[in-house]
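# Results of the structural survey
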Amino acid sequence: MAGVPKLSRMAAYLSKIRAGLQINYDVLVKLLERDGYSPSWIQQVFTAELMKRDCYRVQIKNEEAFCQLWARYSEVSYSDRISAASAGDSHRSRVSGSFLLLRSIEFSHPQVVLCRDQDWKCPVALNAHALIVENLENFLAFQQTLTFAINHCVMPVEMGDVDLIFGQGNSITNSLHRSFLEEYQSISCLFDPDLGGVKMFSTLFEMTGDLNIRFLLPEDIEDRLTGSSRPLSLQERTDLSRYAGRHPDLDRAIQVLRSAGRTLEQETYL
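Below, the structure is looked at part by part. Since this is a predicted model, take the numbers as computed values, not measurements. (Residues numbered from 1 in each chain as written. Predicted model: local features only at pLDDT ≥ 70, side-chain atom pairs only at ≥ 80, totals over all residues. Heavy atoms only, no water.)

The number of helices and strands found in the protein chain is 12 helices and 11 strands. Looking at the protein chain residue by residue over its 270 residues, the buried ones come to 49%. Residue pairs in contact within the protein chain that sit at least 24 positions apart in sequence constitute 68% of those at least 6 positions apart. Accessible area of the protein chain: about 13,100 Å², with a carbon and sulfur share of 49%. (Helix = DSSP H or I, 4+ residues; strand = E, 2+ residues; numbered from the N terminus. Buried < 20%, exposed > 50% of the residue type's maximum accessible area, 1.4 Å probe, protein only. Contact = heavy atoms within 4.5 Å. Areas by Shrake-Rupley, 256 points an atom, 1.4 Å probe, with all protein chains shown as cover.)

The structure is reproduced here in structure tokens:
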């Protein structure tokens, strides 16, 4: 039938969620994790209620994150979101801009950084260094998070010189953020020590090129992993090897994850 686009598998799931239809949520989670989204980030976007075997009613908790997923996985292309809206289909077009949330000791209330094309705007002056966190809980507890990164992850900066940035899961890797991130002397990433965090850092490192960027791990990461109840699957162990040799910090993370056979969520740092 002409004029009816075929959606990708992921887009089909997202379309059903938007329409209130039941889906196999376990499959959706596996697809998202395969593409680098962490379990904790997925839980911030969706809630799922099991109705019967393999059938879940899924609710959207984070509309902005859902729209970003839709923009990424939709196969229908329009020249811009406005044209898509004229066609009654704006959710299938990549948005023309993006935003990040930022906090600091001086500005504890979250500030919005708007990124469009190669430009960005922020209502406050930036500090010299950035700390990117993947999960909302770490962003909300920003003083605890900054203290932990500086004291336990060998982040050699003063707390007052750091901007804490909420990466919204994998959204931080949006290329629209590059010009903004280039303003910092150094970028430290406090991501989940798992396959999703490794994938996300690798993508961000490739996007930012020659910027001074680090993947932070606490000095006692081995002990923390030993006490974790999250096993590293055989498939995850295999997938981790794909990212070896890309960055010294990634090599260190991969080594400790494979050695321990376990993973962590960064909320455990709080």
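Now, onward.
This next bit is on the packing of aromatic side chains. Tallied over the full model, the rule gives 10 aromatic pairs. Ring centres of Phe191 and Phe215 lie 6.4 Å apart, and the angle between their planes is 85 degrees; this geometry places the pair in the edge-to-face category. Here Phe191 is found in the loop between strand S8 (186-190) and helix H9 (195-208), whereas its partner Phe215 is found in strand S9 (residues 213-215), with 24 residues between them in sequence. As far as the burial class goes, Phe191 and Phe215 line up, both buried. Between Phe201 and Phe205, the aromatic rings sit 6.4 Å apart at their centres with planes inclined by 0 degrees, giving stacked as the arrangement. (Phe/Tyr/Trp six-rings, centres within 6.5 Å; stacked < 30°, edge-to-face > 60°.)

Moving on: H9. The terminal C-alpha atoms of H9, which comprises 14 residues, lie 20 Å apart, in line with the 20 Å expected from a rise of 1.5 Å per residue. A large share of H9 lies buried, amounting to 11 of its 14 residues. Among the residues making up H9, those that are buried are Leu195, Gly196, Gly197, Val198, Lys199, Met200, Phe201, Ser202, Leu204, Met207 and Thr208. Its side-chain oxygen placed 3.2 Å from the backbone nitrogen of Gly196, Asp194 serves as the N-cap of H9. Looking one or two residues past H9, Gly209 carries a phi angle of roughly 65 degrees, positive in sign. (Expected span 1.5 Å × (residues − 1). Polar contact = N/O pair within 3.5 Å; in protein donor to acceptor, adjacent residues only side chain to side chain.)

Along the chain, the position of Ser40 falls in helix H3 (residues 39-45). A polar contact of 3.2 Å, which involves the side chain of Ser40, links it to the side chain of Ser38. Within the local environment of Ser40, its side chain forms a polar contact with the side chain of Asn135, the two groups lying 3.0 Å apart. Not counting chain neighbours up to four residues away, the residues in contact with Ser40 comprise Asn135, Asp192, Glu265 and Glu267.

Our next topic: the pattern of salt bridges. A complete count under the given rule lists 12 salt bridges for this structure. A salt bridge links Glu182 to Arg178; the nearest nitrogen and oxygen atoms lie 2.8 Å apart. Accessibility expressed as a relative area gives 36% for Glu182, which makes it partly exposed. What emerges from the salt-bridge pattern is a single network uniting Asp194, Arg230 and Glu265. (Salt bridge = Lys/Arg side-chain N within 4 Å of Asp/Glu carboxyl O.)

Side-chain alternation along strand S4 (residues 111-116) places Gln111, Val113 and Cys115 on a buried face and Val112, Leu114 and Arg116 on a face that remains uncovered. The pairing of strand S3 (residues 97-103) with S4 spans 6 bridges and is classified as antiparallel. Within the sheet, the bridge partner assigned to Leu101 lies in S4 and is Val112. Across 3 bridges, S4 lies against strand S5 (residues 119-121) in antiparallel orientation. When the sheet's bridge partners are listed, Cys115 is paired in S5 with Trp120. Linking two consecutive strands that pair antiparallel, namely S4 and S5, is a turn of 2 residues; a positive phi of about 55 degrees is found at Asp117 within it. (Pairing = 2+ DSSP bridges.)

Between H9 and helix H12 (residues 248-260), whose axes approach to 11 Å, the crossing angle comes to 170 degrees. In terms of their interaxial angle, H9 and H12 are classed as roughly antiparallel. Judged by residue contacts, Val198, Phe201 and Ser202 of H9 engage Leu250, Ala253, Ile254 and Leu257 from H12. Its residues assigned to classes, the contact of H9 with H12 shows 6 nonpolar, 1 polar and no charged. (Axes fitted to C-alpha atoms, helices over the stretch in contact; angles between N-to-C directions. Parallel < 35°, antiparallel > 145°, perpendicular 65-115°, else oblique. Nonpolar A, V, L, I, M, F, W, Y, C, P; charged D, E, K, R; others polar.)

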